[in-house]
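Examining the three-dimensional arrangement
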Amino acid sequence: MASTVQTVNAAVLYPGTGRELRVEERDIWPPKPHEAQIEVLATGLCGSDLHYYSHGRNGDFQVRQPIVLGHEAAGIVRAVGSGVTHLRVGQRVAIEAGIYCRECSFCKKQRYNLCKSMKFCSSASVFPHFDGTLQEKMNHPAFVVHPLPDSCSFEQASLAEPLSVLIHASRRANLAAGQTVLVFGVGTIGLLACALAKARGAAKVVAVDINSSRLEFAKTHGFASQTFCLPSPSSSSSSSHSCSHSQPQSRPQPTPQQLSAERRKELEEQMRRVKDSMSGILSEFGEKDGFDLVYECTGAEMAIQMSVFGASRGGRVMLIGMGSRNVTMPLSSAQCSEIDILGSFRYCDTYPEALALLASGDLTGIECLVTHRFGLEDTKKAFEMMARGVDEEGNMVLKVMVGPGSAAKA
């Protein structure tokens, strides 16, 4: 194992309103007895990384000290601690980002994704923050480092993290051969949902989004057999006519009871529109009775509502996207049709299966997901391009990789 302190480059995000990222030198110590030291060769950038970069926070988690982002990664073992026996120097590996305690009731029940002591690479959920993989080398607990199949590249191995999200969700949803599957949202997660459903023998896989370019990509590369493009939500409201020079109206303020009644009427009308819209989409797909399984990968309230109306009687809705914190749901419709609404968070015991799938060639279109590549020194440029959604030539951005990637040799 390495015996001296080394200096490595890392892409470091500083606290603030976002976008202050610098590539700078950091010291790295020899690995502890339970750790492996890994040369990071590919890191896929995630939406949560982009939130931290753009806003200095991700939901409730605010960056309070310099942090290294990145948690979808693979590389080569360069040193191992004295207690590590299942890894060897020079071995190609994937880095599982979550470090769980292995002692709590959730860990012992094989639900370690719910561990209350979880530390997750590139997350500001704990303080001090836990650094991620956008660095040349890092030490990581060996029990969450996974050897790669020979035919799995570093970039493919980086996709094991988002694919694990889908494997875990699909286990909870009991995805099975012969089912019909509807996917809301065709970002990386939604496309992987399509690919996994097809690999598992789904009879039909279709996708819905508001981005026509992404839907065209999904259909062209075989992720979905049919697609439907929803109109983009309007930021303006047709019910408001106020302007800076309008005169105040003299009328009494509504009572709480009147407000409550108006709100109920508004929600009922909203649900009617959502149901009618979903009915038209089902007809377009030739599935008027709904789909056996619906993956909701956007986190948008309207898509969540549509998911319930898009499921068949006795079907399942799997909530994967994380966006809206509080959502109005058509629960009576779900109850009367015995639709199971399930949630999924991260993953548990999925990496070996994910890596095997990525190496198998069974995931349709997987080689097309990575659309752009950057060196570590250009990490800021990579995030800026992600934020725009298109590159300088106007090409669509899906998965962005940072690092030497497949060009590196063991």
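Please read these numbers as outputs of a predicted model, since none were measured by experiment.

Examining the sheet that holds strand S14 (residues 204–209)
The strand order S15-S14-S13-S16-S17-S18 describes an open sheet built from 6 strands, whose pairing is parallel. Strands with a single pairing partner mark the edges of an open sheet, and in this sheet they are strand S15 (226–229) and strand S18 (340–343). Averaged over all neighbouring strand pairs, the angle between strand axes comes to 15°, with direction disregarded. With 4 bridges connecting them, strand S13 (residues 180–184) and strand S16 (residues 291–296) associate as parallel partners. Within S16, the position partnered with Val183 by the bridge is Tyr295. Those strands touched by helix H6 (residues 212–220) are S14 and S15, and its axis lies near 180° from that of S15.

Structural notes on the sheet that holds strand S2 (residues 21–28)
Within the open sheet, the 3 strands sit side by side as S2-S1-S6. Their pairing is antiparallel. In this open sheet, the two strands that pair with only one neighbour each are S2 and strand S6 (67–68). Summarising the sheet, strand S1 (residues 6–13) and S2 pair through 8 bridges and their orientation is antiparallel. From the neighbouring strand, Ala10 faces S2, where its bridge partner is Glu24.

A word on the environment of Gly310
Structurally, the position occupied by Gly310 is in helix H8 (residues 301–310). With 20 residues separating them in the primary sequence, Gly310 and Gly290 have C-alpha atoms 5.1 Å apart. In this view, Gly310 contacts Leu182, Met278, Leu282, Gly290, Phe291 and Val294; residues no more than four positions away in its chain are not counted.

Description of the packing of helix H4 (residues 160–173) against helix H10 (residues 351–360)
Two elements in contact, H4 and H10, have axes separated by 9 Å at closest approach and are oriented at 115°. Between H4 and H10, the angle falls in the class roughly perpendicular. Between H4 and H10 lies a crossing whose hand is right-handed. Note on element contacts: H10 touches H4 through Tyr351, Glu353, Ala354, Leu355, Leu357 and Leu358, opposite Ala160, Glu161, Leu163, Ser164, Ile167 and Arg171. Split into classes, the residues belonging to the contact of H4 with H10 amount to 8 nonpolar, 1 polar and 3 charged.

Rules used throughout
Residues numbered from 1 in each chain as written. Predicted model: local features only at pLDDT ≥ 70, side-chain atom pairs only at ≥ 80, totals over all residues. Heavy atoms only, no water. Pairing = 2+ DSSP bridges. Helix = DSSP H or I, 4+ residues; strand = E, 2+ residues; numbered from the N terminus. Axes fitted to C-alpha atoms, helices over the stretch in contact; angles between N-to-C directions. Contact = heavy atoms within 4.5 Å. Parallel < 35°, antiparallel > 145°, perpendicular 65-115°, else oblique. Left-handed = near helix turned anticlockwise from the far one by under 90°. Nonpolar A, V, L, I, M, F, W, Y, C, P; charged D, E, K, R; others polar.

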